[in-house]
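# Summary of the model geometry
Listed below, chain by chain, are the residues.
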Amino acid sequence: MKRIYEFQYHPIGVIFLFLFPLYVSGQQPNLILIGDSTQGYNTIKKIILTGTVVQSADKKPLSGAALFVDGLKYGNSSDVNGKYFLTLLPGKYRFSVRHLGMTPILMKIAIYVNGVLNFEMLEKSEALEEVVIRARKEDENIKEPLAGVTKFNITEIKRLPSFMGEVDVIKSLQLLPGINTVGEGSAGFNVRGGRIDQNLVLMDGGQLFNSSHALGLLSNFNPDVVEDFTLYKGNVPAQFGGRASSVLDVRTRSGNFEKFKVKAGVGLLSSRIALEGPIIKDKTSIIVGTRFSYSDWILKNVGNIDVRQSAASFYDINGNITHKFSDKNSISISYYRGNDYFRYSHEFGYEYTSQLLNFRWKSLLSERWSSTLTAVGGDYQSKLYDFNIITARSLTNGIGYYQLKQNFLYTLDEKHALNIGADANVYIGKPEVSNPYGAFSSTASKRVEKDRGREIGFYANEEFNISPAVSIAAGLRYSMFQNTGPDTVFSYKPGEVKSLATLADTTHYGSGEVIKTYAGFEPRISMRVSLSKDQSIKVSYNRMRQYIHLISNGTAPTPVDIWQVSNPHIGPQVADNYSIGFFQNVKENMYEISSEVFYKTIANLVEYKDFAQLLLNNHLETELLQGKGKAYGVELFAKKNIGAWTGWISYTYLRSFIKVDGIHPEERVNQGNWYPTNYDKPHTVNITANHKLGKNARFATNFTYSSGRPTSALVSNYQAGSVAIPVYSERNQYRIPDYWRLDISITINDVFKKIDDNLTFSVYNLLGRRNAYSIYYQQPAGSFIPQGYKLSILGSALPSITYNVSF
Amino acid sequence: MQVNNVLLFLLLMLSNNCKDRYQFSAIRTKNKLVVNGSITDMEGPSYLKLGTTSQIEKDSDPLPGAHVSIIDENGTREDYVDMGDGKYRMDGKTVKGSRNGTYMLEIELPDGQKYRSSPEKMPSPTGTDSAHFKVTKDKVISSEGYLVDNTNIAVLLNTRLPKTEAPAYFRWGIDEVYCIIPTCRPGSIACPPFCYIYQPVSKFNLKIILSSTSHELVFKGILLQTRAVDFTFLVRHYFNITQYSMNLKAYDYWKKAELLTERNGSIFDTPPTNIPGNIYNIADQSEQVFGYFEASAGVLTRVFIDRGYIPIDITSCDWSYLIPGGNPYSYCLNCNAIKGSTNIPPVWFF
């Protein structure tokens, strides 16, 4: 039966229409009438249809919902606030609203005046007739003006094979082209040949300085509280700044505004639980989620006494309170804390903790203007323990930061979306402090103060649909960084290698006093040209400036590395990123195909002298070098969105180089020639597939291959007394063996009747491939000749089982 | 700080870690000069070893035929004697190592290339050492794949380092001397002589300690070496422990050597690179030369273990122990074939 709504035209403003709920799955579409159909209407003058898309269960805005006008083959998608904007000629249309995991809304509308139409979407049960992998409007990959943008809904990654029973934000990103990692067990990820510190990792707008648990085996994003996430690896909107390669913008959920819900998962090594519900129904909601590990029981059962005396654990907790003052104003306060602890026997250990406190006020100022005010306080602290009796000590370092950001979004019509605003960040490097540990330690306490600074950015970013075929996203950001006191700055003899021997002067700066200022513009532009409704070409250029650097000189980044702001000796990294891509959809968006070519240059890339001593060094600049980097590559991607089998295949050819060519021999690496970075992996292939098994089960698999990363190899050795001294090649002249891995998982839904639950069996590294993490050399007992060894993190298949339930 | 093994730990956390032998293929290296030696204030000659880098998993190729001299701060010079096989000996007839003395090497290779070391000053402070041993047991996987008991000798050091005005740097080296009484076949006219074998201890973990400028340092029970019990403990087994007092440059060299030799593939490893030495080509200072010539004050401490302290059976070379018709142990029949063997007993051996 058709339901018809008629609304009187109001000449001054717009009419708000609320439909609860508006879904007609598999039924004849409703007809919605907006305006007075009995009066004549102007068929030339365009009218505006706008509104908000929310989730029916908890009234939370849905971003990325695709609104589509069938007859015109035209549409738009909702923004992060769930708001959408369409310009139409008066008339009747078939209209659809779709979002991953939601029951689609299909309807007919007759619209004659400007109007507001809000939608509440119902969550779709898992028993889909087909699996659909899509978090965005179905042709957004073609129409999106930004190049190199990947958006994921958490529902999507829950269909990928899990590691230790956990779906993971960063592991899912590593299946996409252009994103890789140094190896299993290393923190962070590399984007298009960039370093891990060149990725701005945001949780609800707040920076995370470490995104890993258990040295990168898991990320610190709890899937039960994550709403969605977007990775900008090509063109980065001007709203974001401070990093040279990419932005990972992770948004957590607000709690359910209508009823209390619980989600929980129990695994062999870790478990998690999330509670959510209304404090004041439809006004205030809360969500609290936590994960915690209990892997010690495995350690206690290992034969090795050292391992039995070891400990490893992590936990994280997310909390969010959101209050809606009205439909136009809401505030949310969220908190995150993640902690890892790790002890190896009585030898060493480490601990690191991340914290974020975030306040956000969203306000709809008018029909076209909206505002988001964000205030963030963040903190990262790591602690390295040495438990050896004589040298026992604890070494602490970290960084704190505060951010205030005001963003205004102006939506003139569906062709124009302008973001303008400003942000200010204060970075406070925490002192490195070494203290003796235990009664027998012979070490002395030591404290090294670290630098601090403030960064201010002003920006404007416009997305402009010039015509259906051409759209541009252009932005300009101006950033300024000041290294500030209190600090003691050393200067060295001009033209000489920085070392204690060339120390020339020492200057003391008071609190807040400006030591050094760096500033510059960061233009960003991306253009999309549609060749047909299914094909487009996108080109982009952006410049990004980075004033904070991760000082890390190990095989791979570690949680105890030092975050260092720019200072008179360490200039900002400045990256210029260029990319061009071709995008095509086939068979009504069933298949997506794309290829992108990118090129990147980076100035002031931080590199290290041989045997650099980075810890507790108040002359850190004497150990550092700065060079220039370049990266280039090709990304190929093919994805099947709909059908019994879905998934994608991606291939990346990527090269990443660095050149350190100082004036003096000590300031050169590899004689000043270009050499591969240690994350240069020329070939990467990922294949991901997902298949529905009957009514209640799902099978997922992925295969990944990548070239081995560069390393310096032992080329000879000599004996000095009882010690075999290795002789190595030039830096990064060889490669460890190639990496490949196959994972599978099977998820069975509705294990128990009347309960929304599932059981996931997964096997990580199904074929038990011993992938090399590193190649190293040791002098074996009874020999003076070092032998090479390949160290693998996983030596066999790793099965896991997790039971998940929600009610 | 001991932060090695971290990745191994993670592996064990997952209960299935692994380490496999690996060798890069197609490694190419150009022969480069390696110089290694020292002068100390201890009794006896000083030795120097010359070689060239060769290939992976092989010691440097010996370089005989060079003309090597040592020069002290007064310009006094003494030539090294070429012992063959890349080894050179300096008897200290005109240049004797003494504390606070400064020494420099000059090397002329057979191809005429000339090299020189930077002047090395011998420091003066030394500590007081004593050593003892302990029998330990652990379990190892045998070559047949069985878990078997293993008996070891742990060599432990006690040391007392004086308070110094400026930081002083100490390291310890260890070598072993043992005796083999070879098999005397029944009816032989004369039994073969005893062998005394001098060997550096392989798989030695460097021990480097800094002195304190505020107080005396006392360390007890520093584990210098753990060695599996084998036929070398048949008679008497000596460990010669030498304390070297180094200057800052030598300390820097050995500290870097320690960092490189303790690598185990973990994320905390020092990135592999080469240790700069103190030898340079006079004509081309950009040429890469490996090794170090060191002037250090030395203190020697000995500890020995007699067969009676070993709590397990070790098959003797006595004829009656040999399996009839079986293969007698080669070291029992011809102990002179063991590298470092001599039939002249050290004066301190018995």
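Residues numbered from 1 in each chain as written. Chains lettered and ligands numbered in written order. Predicted model: local features only at pLDDT ≥ 70, side-chain atom pairs only at ≥ 80, totals over all residues. Heavy atoms only, no water.

On to the overall build of chain A. Each helix and strand counted, chain A has five helices and 55 strands in total. Taken over 807 residues, chain A has a buried fraction of 62%. The long-range fraction of contacts in chain A, counting pairs at least 24 apart against all pairs at least 6 apart in sequence, stands at 66%. (Helix = DSSP H or I, 4+ residues; strand = E, 2+ residues; numbered from the N terminus. Buried < 20%, exposed > 50% of the residue type's maximum accessible area, 1.4 Å probe, protein only. Contact = heavy atoms within 4.5 Å.)

Helix and strand counts for chain B stand at three helices and 21 strands. Burial statistics for chain B: of 350 residues in total, 48% are counted as buried. For chain B, the proportion of contacts with a sequence separation of at least 24, taken over those separated by at least 6, is 68%. Carbon and sulfur atoms provide 51% of the accessible area of chain B, an area that totals close to 16,700 Å². (Areas by Shrake-Rupley, 256 points an atom, 1.4 Å probe, with all protein chains shown as cover.)

All names here are of chain A. Here the structure, examined in full by the defined rule, presents 33 salt bridges over all chains. Arg251 is the salt-bridge partner of Asp249, the closest N and O atoms lying 3.2 Å from each other. Ionic pairing is found between Lys430 and Asp379, a salt bridge with its closest N-O pair at 2.3 Å. Remark: Asp379 occurs in strand 27 (residues 369-386) and Lys430 occurs in strand 29 (residues 416-436); sequence separation between them is 51 residues. Given the relative accessible area of 22%, Asp379 is considered partly exposed. Bridged by salt links that share partners, the residues Arg192, Lys233, Glu596 and Glu635 form one connected network. (Salt bridge = Lys/Arg side-chain N within 4 Å of Asp/Glu carboxyl O.)

This part is about the state of the cysteines. All names here are of chain B. Within the structure shown, the criterion is met by three disulfides over all chains. What pairs with Cys184 in a disulfide is Cys191, and their sulfur atoms sit 1.6 Å apart. What sets the handedness of the Cys184 and Cys191 disulfide is the S-S torsion sign, and at about -70° it is left-handed. Two residues, Cys195 and Cys335, share a disulfide whose sulfurs are 1.8 Å apart. One disulfide, between Cys195 and Cys335, carries an S-S torsion of 70° and so falls in the right-handed class. Taken together, the positions of Cys195 in strand 15 (residues 195-200) and Cys335 in the loop between helix 3 (330-333) and strand 21 (341-342) put the pair 140 residues apart, joining distant regions of the chain. Both residues of the pair, Cys195 and Cys335, belong to the buried class. (Disulfide = S-S within 2.5 Å.)

With that settled, the discussion passes to the side chain of Glu78 of chain B. Residues and elements named next belong to chain B. On the secondary structure map, Glu78 appears in strand 6 (residues 77-79). A distance of 2.7 Å separates a polar side-chain atom of Glu78 from the backbone nitrogen of Thr94. From its side chain, Glu78 meets the backbone nitrogen of Val95 in a polar contact 2.9 Å long. (Polar contact = N/O pair within 3.5 Å; in protein donor to acceptor, adjacent residues only side chain to side chain.)

Here the focus is helix 2 (residues 248-261) of chain B. All names here are of chain B. For helix 2, spanning 14 residues, the distance from its first C-alpha to its last is 20 Å, which sits close to the expected 20 Å at 1.5 Å a residue. If you check which residues of helix 2 are buried, you get Ala250, Tyr251, Tyr253, Trp254, Lys256, Ala257, Glu258 and Leu260. Near the N-terminus of helix 2, the side chain that reaches the backbone nitrogen of Lys249, with its oxygen 3.2 Å away, is that of Asn247. (Expected span 1.5 Å × (residues − 1).)

This next bit is on the sheet that holds strand 19 (residues 226-232) of chain A. Residue and element names in this part refer to chain A. The strand order 12-19-20-15-16 describes an open sheet built from five strands, whose pairing is mixed. Two strands close off the open sheet at either side, each with one partner strand: strand 12 (149-153) and strand 16 (206-207). By the bridge criterion, five bridges tie strand 12 to strand 19 in an arrangement that is antiparallel. Across the sheet, Thr150 pairs through a bridge with Leu231, a residue of strand 19. (Pairing = 2+ DSSP bridges.)

On the surface, a cluster of nonpolar side chains totalling about 790 Å² of accessible area is made up of Leu268, Trp297, Leu693, Ile746, Ile748, Val751, Phe752, Ile755, Phe761 and Ile801 of chain A. Here Phe752 of chain A shows up in the loop between strand 51 (739-749) and strand 52 (756-764). (Patch = residues over 30% accessible without salt bridge, like charges linked within 9 Å, V, L, I, M, F, W, Y side chains within 5 Å.)

We now examine the environment of Gly187 of chain B. Residue and element names in this part refer to chain B. When you line up the elements, Gly187 lands in the loop between strand 14 (169-180) and strand 15. The class of Gly187 is exposed, set by a relative accessible area of 77%. Counting along the chain gives 41 residues from Gly187 to Ala228, while the straight-line C-alpha distance between them is 35 Å.

Here we come to the environment of Asn589 of chain A. Residues and elements named next belong to chain A. Its place among the elements puts Asn589 in the loop between strand 39 (573-586) and strand 40 (591-608). Exposure remark for Asn589: the relative accessible area of 8% places this residue in the buried category. When the C-alpha positions of Asn589 and Lys639 are compared, they lie 9.8 Å apart, and in sequence the two are 50 residues distant.

Across chain B, the average pLDDT comes to 83, with 84% of residues at 70 or higher. Predicted confidence is poor over residues 1-16 of chain B, with pLDDT under 50, and the contacts of this stretch with residues over four places away or in other chains come to 78 contacts. (pLDDT = per-residue confidence, 0-100.)

We now examine the environment of Pro799 of chain A. Residues and elements named next belong to chain A. Residue placement: Pro799 occurs in strand 55 (residues 798-806). Sequence-wise, Pro799 and Gln198 are 601 residues apart; in three dimensions their C-alpha atoms are separated by 33 Å. Setting aside chain neighbours within four positions, we find Pro799 in contact with Ser762 and Val763.

Residue and element names in this part refer to chain A. For chain A, per-residue confidence averages 84 on the pLDDT scale, and 89% of positions sit at 70 or higher. Here strand 2 (residues 15-18) is the element of chain A with the lowest mean pLDDT, 32, and strand 44 (residues 674-676) is the one with the highest, 96. Here residues 1-29 is modelled with pLDDT under 50, and outside its nearest four sequence neighbours on either side it reaches 60 contacts, counting other chains as well. A low-confidence stretch, residues 125-135 (pLDDT under 50), is modelled with 37 contacts involving residues beyond four sequence positions or located in other chains.

Residue and element names in this part refer to chain A. Where strand 21 (residues 261-266) lies against strand 55, four bridges are found, and the strand directions are antiparallel. In the sheet register, Gly265 faces strand 55, and the bridge partner there is Asn804. With nine bridges connecting them, strand 52 and strand 55 associate as antiparallel partners. Within strand 55, the position partnered with Ser762 by the bridge is Ser800.

For the rest of this paragraph, the subject is unusual backbone geometry. Residues and elements named next belong to chain A. Note that the residue after Gly485, namely Pro486, is joined by a cis bond; omega there is 10°. Within the fold, Pro486 resides in the loop between strand 32 (470-484) and strand 33 (487-492). One non-glycine residue, Asp204, lies in positive phi territory at about 55°. The residue Asp204 is located in the loop between strand 15 (199-203) and strand 16 in this model. With relative accessibility at 8%, the residue Asp204 sits in the buried group. The phi angle at Asp750 is positive, at roughly 50°, despite the residue not being glycine. As for its placement among the helices and strands, Asp750 is situated in the loop between strand 51 and strand 52. With a relative accessible area of 33%, Asp750 lands in the partly exposed category.

Let's shift gears to the side chain of Ser806 of chain A. Residue and element names in this part refer to chain A. Inspection of the secondary structure assignment puts Ser806 in strand 55. On the accessibility criterion, Ser806 (16% relative accessible area) is buried. Here Ser806 is in contact with Val262, Lys263 and Asp756, once residues within four sequence places are set aside.

Applying the stated criterion to the full structure yields 39 aromatic pairs over all chains. Taken together, a centroid distance of 4.7 Å and an interplanar angle of 45° make the contact between Trp369 of chain A and Tyr410 of chain A tilted. Of this pair, Trp369 of chain A sits in strand 27 while Tyr410 of chain A sits in strand 28 (residues 393-413); the two residues are 41 residues apart in sequence, bridging distant segments of the chain. With relative accessibility at 23%, the residue Tyr410 of chain A sits in the partly exposed group. Ring centres 6.2 Å apart and planes at 50° place the aromatic pair Phe637 of chain A and Trp648 of chain A in the tilted group. Of this pair, Phe637 of chain A sits in strand 41 (residues 624-640) while Trp648 of chain A sits in strand 43 (residues 645-659), placing them eleven residues apart in sequence. An identical accessibility class is assigned to Phe637 of chain A and Trp648 of chain A; each is buried. By way of ring pairs, the aromatic residues Tyr196, Tyr238, Phe304, Trp348 and Phe349 of chain B are connected into one cluster. (Phe/Tyr/Trp six-rings, centres within 6.5 Å; stacked < 30°, edge-to-face > 60°.)

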